[in-house]
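Okay, here's what each chain looks like letter by letter:
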Amino acid sequence: MPRRKEVSALGSLCLQSLARHMQSVWVKDYSDNYLDEYQFRFVMGPFNDLAGSLVQDLIRLLGESRRLTRAALHLLLVPHLRELSLRPCPSLASNAIGQLITLRCKGLSSLDLHGCSRLSADVLVDLAEGLPLLTRLGLAETQANVQVLSAVGSCCRRLQELNVSHCKKVSPRALRHLAYDPLAQSLGCPVLRVLLAHGLELGGDTGMVVTLAFLLLALPRLEFLAHSAVPDALHLLHGQQLDGEKDPEGFPSLEELARWRGTAAGDTLLTLPLRQVEEVEEPALATIRAVCPQAEEVGVWLGDGPGLAGIQELLGWGRLARLTLGCTGRVGRELAEVLPLAQSLRPRLQTLALHGFCCQDELSLATLLANCPILQCFTAELHAPPDADPNGDTPDEPSRWDTNLLPHTLPQLQSFSLTLAGTTGVFPAWHGLALRATLASLLCHAPRLQTLSLIGIPFPLDSVFETVLATPGPPLLQLQELSLAESRVSSRTVQLLMASEGHLHRLDLSHCRDIHRRDYDGFLQAVWKQQLDLDITWA
């Protein structure tokens, strides 16, 4: 059965006690007598002797429980703090708090200010200039602008990860200042590996595309640049039609940056060290592969056109290990088209996500999984065949499913998600038979599976779980999270899961039409009586 609720570790209990009594005990004197009367640069309080990691945990615990106050934050901003996230409490992040962080927390290596829009640009500049040891900085949805990014590029020389997503004041010009200082005539952020820039406006022209190309050339260690126009920037660099004119503000031209990287325009093929590329459309695959030969993770949108040109291009990517494929057309590509790719990537494919594919052949999913022996994470959203006959013959369901459909185990699979989109009443019965046999075999051959999602499965799954849970071993011992939302399961399956061995602690039964209120109430009563550490959701 799911684990019984365990007694928390002593350290955790102490932190919970601190959190519960923070306002009434630990910060009461400071809050009543000093908070608004004095401006302390440093405060010798009860938390100065607490290890930095425990202070971080306490801030997180208070933030998640919405018990973090301004007074508590004042006392918890201690000099030995190494990581700080104000994401759970952005409303507390005032300019005064920002100044305290700059003064007190010089040793910070990670700072997340996601959503802290109250911090002015001047305070953000002070933070960048005053925290030179930062390796991770989150500025998403803040007032970051050209001055802020210029300070980050010039002062945060150890920065490896930066998030400026959805910052309304971050323009293409601001991004250039991140990578180059025109006054000092030097490159910025020399070791930056990850730059997240989702949601920044394109501006209706090529300005952002050229700026992204600038970043790709000026940041020598960049492995991932997240922006929808990155493929366009890579196409620009591949064509090597680089602007040789200097910028009036003193920025080097693209041609000059290319020379700094040892590539002359029209001469040697320009390649970049990107490890991850998103939002690649099928016609651009050849170009992206040529510029980013070391990519390990790629997201591709395939059209409805005939042929396997896109798949063939993916076959030539030597280091590809994590792949997302989506279909942009109305009908979707056949799942069987992915099989040659899976066979080619077999020795190294760790993550595979498929969206909008059509399951024409009922055994294509089983065949695909059989060719991914080291898979760690699998996600698929599949559609029924467009010519499916819902009135076809209905085969007899076996009393017990054969669990040997897959020829080998999937020893590294930890997460499996399958969604059947828009399939209610139209998915052929033979497909349902093959699908359930595939699931039964998979669940019996994935000993490390921790997360399982079966969403919108229109066929009864009770017999699948009965077969799996009756198999010697037993399987699903490491399963922690299970979602059966909108699928056909009855209370019998839930009772079997609650009685089985394992570590299940979250079960989602949302919109399961065969689960009723009386069933749900019975589940909750059983959890309470047996003191199980299990959270069940139903609606």
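Up top you'll find the structure we're talking about.
Every chain is numbered on its own, with residues counted from 1 as its sequence reads. Restriction of local features to residues with pLDDT of at least 70 applies here, the model being predicted, together with a cutoff of 80 or more for giving and counting side-chain atom pairs; totals for whole chains, interfaces and linings are based on all residues. Only heavy atoms go into the side-chain values, all of them from the structure, while hydrogens and water stay out.

Q: Whenever I open this one, the overall build of the protein chain confuses me. Can you help?
A: Strands are runs of DSSP state E lasting at least two residues, helices are runs of H or I lasting at least four, and both sets are numbered from the N terminus onward. Looking only at helices and strands, the protein chain has 20 helices and 18 strands in total. Looking at the protein chain as a whole, 50% of its 539 residues qualify as buried. Long-range pairs, those at least 24 residues apart, make up 77% of the contacts in the protein chain between residues at least 6 apart in sequence. Surface exposure of the protein chain reaches about 24500 Å², of which carbon and sulfur atoms provide 49%. Relative accessible area decides the class of each residue, using a 1.4 Å probe on protein chains only: under 20% of the type maximum gives buried, over 50% gives exposed, and in between gives partly exposed. It only takes one pair of heavy atoms within 4.5 Å for two residues to be counted as in contact. Each accessible area is a Shrake-Rupley result for a 1.4 Å probe, and residues are judged covered by the shown protein chains and nothing else.

Q: Is there a simple way to think about the pattern of salt bridges in this case?
A: Here the idea is simple: oppositely charged side chains can pair when their charged atoms come close. What makes a salt bridge here is a side-chain nitrogen of Lys or Arg within 4 Å of a carboxyl oxygen of Asp or Glu, nothing more. Taken as a whole, this structure holds 18 salt bridges when the rule is applied. With its nearest N and O atoms 2.9 Å apart, the salt bridge here joins Glu249 to Arg173. Highlighted residues: Glu249 in the loop between α11 (230–239) and α12 (254–260) and Arg173 in helix α9 (residues 172–179), separated in sequence by 76 residues. A salt bridge links Glu223 to Arg193; the nearest nitrogen and oxygen atoms lie 3.6 Å apart. Here the residue Glu223 occupies a position in the loop between α10 (207–218) and β8 (224–226), and Arg193 occupies one in the loop between β6 (186–187) and β7 (194–196), the gap between them amounting to 30 residues. Glu223 sits in the partly exposed class, given a relative accessible area of 26%.

Q: I keep staring at unusual backbone geometry and nothing clicks. Help me out?
A: Glycine aside, residues mostly have negative phi angles, and peptide bonds mostly take the trans form. At Glu141, a residue that is not glycine, the phi angle is positive and equals roughly 60°. One can find Glu141 in the loop between β3 (136–138) and α8 (146–155). Accessibility expressed as a relative area gives 38% for Glu141, which makes it partly exposed. Although it is not a glycine, His511 adopts a positive phi angle of roughly 60°. In this fold, His511 is placed in the loop between β17 (506–508) and α20 (517–530).

Q: Looking at this model, I keep getting lost on helix α7 (residues 121–130). Mind explaining?
A: In an α-helix, one turn spans 3.6 residues; hence positions three or four apart end up facing the same way. Across the 10 residues of α7, 7 count as buried, placing the element largely inside the fold. Those residues of α7 that sit buried are Ala121, Val123, Leu124, Val125, Leu127, Ala128 and Gly130.

Q: Sorry, what's going on with the nonpolar core here?
A: In summary, soluble globular proteins display a tendency toward joint burial of nonpolar side chains. The biggest cluster of nonpolar side chains holds 177 residues, and the ones touching the most others in it are Val152, Phe378, Phe416 and Leu418. It is α10 that contributes the most residues to this core, 9 residues altogether. Setting aside its immediate chain neighbours within four residues, Leu418 contacts Leu365, Ala380, Leu382, Leu435, Leu439, Ser453, Leu454, Ile455 and Ile457. As used here, the term nonpolar core means buried Ala, Val, Leu, Ile, Met, Phe, Trp, Tyr and Cys residues forming a set that is joined through side-chain atoms within 4.5 Å.

Q: It is not clear to me how the packing of helix α19 (residues 491–499) against α20 should be interpreted in this structure. Could you clarify?
A: Any two packed helices are characterised by how steeply their axes cross, that is the angle between the axes, and by the distance between the axes. Following both chains from N to C, one finds α19 and α20 inclined at 10°, their axes separated by 11 Å at the closest point. Relative to α20, α19 is oriented roughly parallel. Listed contacts from α20 to Ser491, Val494, Gln495 and Met498 of α19 are Asp519, Phe523, Ala526 and Val527. Three residue categories are used. Nonpolar comprises Ala, Val, Leu, Ile, Met, Phe, Trp, Tyr, Cys and Pro, charged comprises Asp, Glu, Lys and Arg, and polar comprises the others, including Gly. Broken down by class, the residue content of the contact of α19 with α20 amounts to 5 nonpolar, 2 polar and 1 charged. Helix axes use the C-alpha atoms of the stretch in contact, all axes being lines fitted to C-alpha atoms, and the angles between their N-to-C directions lie in the range 0 to 180 degrees. In this scheme, roughly parallel covers angles under 35 degrees and roughly antiparallel covers those over 145, while 65 to 115 is roughly perpendicular and the rest are oblique.

Q: Any chance you could explain the pairing of strand β12 (residues 351–358) here in plain terms?
A: Regular strands place their side chains on alternate faces of the sheet. Counting buried positions along β12 gives 6 out of 8 residues, so the element sits mostly inside the fold. One ladder, built from 5 bridges, connects strand β11 (residues 322–327) with β12; its direction is parallel. Bridging across to β12, Leu325 finds its partner in Leu354. Note: β12 against strand β13 (residues 377–383), 7 bridges, orientation parallel. Bridge pairing links His355 to Glu381 in β13. In this view, the connection linking β12 to its parallel neighbour β13 by way of helix α16 (residues 364–370) has right-handed handedness. Being paired, for any two strands, means DSSP has found at least two bridges between them. By definition, the crossover connecting two strands over a helix is right-handed if that path, from the first strand to the second, turns clockwise as seen with the strands pointing away from the viewer.

Q: Explain helix α17 (residues 429–444) here, please?
A: To estimate the expected span of a helix, subtract one from its residue number and multiply by 1.5 Å. Here α17 contains 16 residues, and its C-alpha end-to-end distance of 23 Å stays within 8% of the 22 Å for a straight helix at 1.5 Å per residue. The buried fraction of α17 amounts to 14 of the 16 residues, a majority that puts the element mostly inside the structure.

Q: I keep staring at the packing of aromatic side chains and nothing clicks. Help me out?
A: Classification of ring pairs uses Phe, Tyr and Trp, with its six-membered ring standing for Trp, and accepts pairs whose centres are within 6.5 Å; under 30 degrees between planes counts as stacked, over 60 as edge-to-face, and the remaining range as tilted. Applying the stated criterion across every chain, the model contains 5 aromatic pairs. A centroid spacing of 6.3 Å and a plane angle of 35° characterise the contact between Tyr180 and Trp260, whose relative ring orientation is tilted. With Tyr180 in strand β5 (residues 180–181) and Trp260 in helix α12, this residue pair connects regions lying 80 residues apart in the sequence. With relative accessibility at 5%, the residue Tyr180 sits in the buried group.

Q: Sorry if this is basic, but what is going on with the packing of α8 against α9 here?
A: For the pair α8 and α9, interaxial distance at closest approach is 7 Å and the crossing angle is 15°. When the axis of α8 is compared with that of α9, the two are roughly parallel. The crossing of α8 and α9 is right-handed. For the pair formed by α8 and α9, the contact residues are Val146, Leu149, Ser150, Val152 and Gly153 on the first element and Arg173, Ala174, Leu175, His177 and Leu178 on the second. The class makeup of the residues in the contact of α8 with α9 is 6 nonpolar, 3 polar and 1 charged. Each helix crossing is assigned a hand: it is left-handed if the near helix lies turned anticlockwise from the far helix by less than a right angle, otherwise right-handed if that turn is clockwise.

Q: When you look at the pairing of strand β9 (residues 276–281) in this model, what are you seeing that I'm missing?
A: In terms of strand pairing, β9 meets strand β10 (residues 297–302) through 4 bridges, oriented parallel. The residue bridging Val277 from the neighbouring strand is Val298, located in β10. Handedness of the crossover is the feature at issue here: the chain leaves β9, passes through helix α13 (residues 285–291), returns alongside β10, and the resulting connection is right-handed.

Q: Help me understand the side chain of Ser441 in this model?
A: With respect to the helices, strands and loops of the structure, Ser441 is situated in helix α17. The term polar contact refers here to a pair of N or O atoms within 3.5 Å; inside protein, the definition further demands a hydrogen-donor-capable atom paired with an acceptor-capable atom, and it admits residues adjacent in sequence only when both atoms are side-chain atoms. A polar side-chain atom of Ser441 sits 2.9 Å from the main-chain carbonyl oxygen of Thr403. Setting aside residues no more than four positions away along its own chain, Ser441 makes contact with Thr403, Asn404, Leu405 and Leu406.

Q: So what exactly am I meant to see when it comes to the environment of Cys156 here?
A: Here Cys156 shows up in the loop between α8 and β4 (161–163). Note: C-alpha distance between Cys156 and Leu134 (22 residues apart in sequence) is 6.3 Å.

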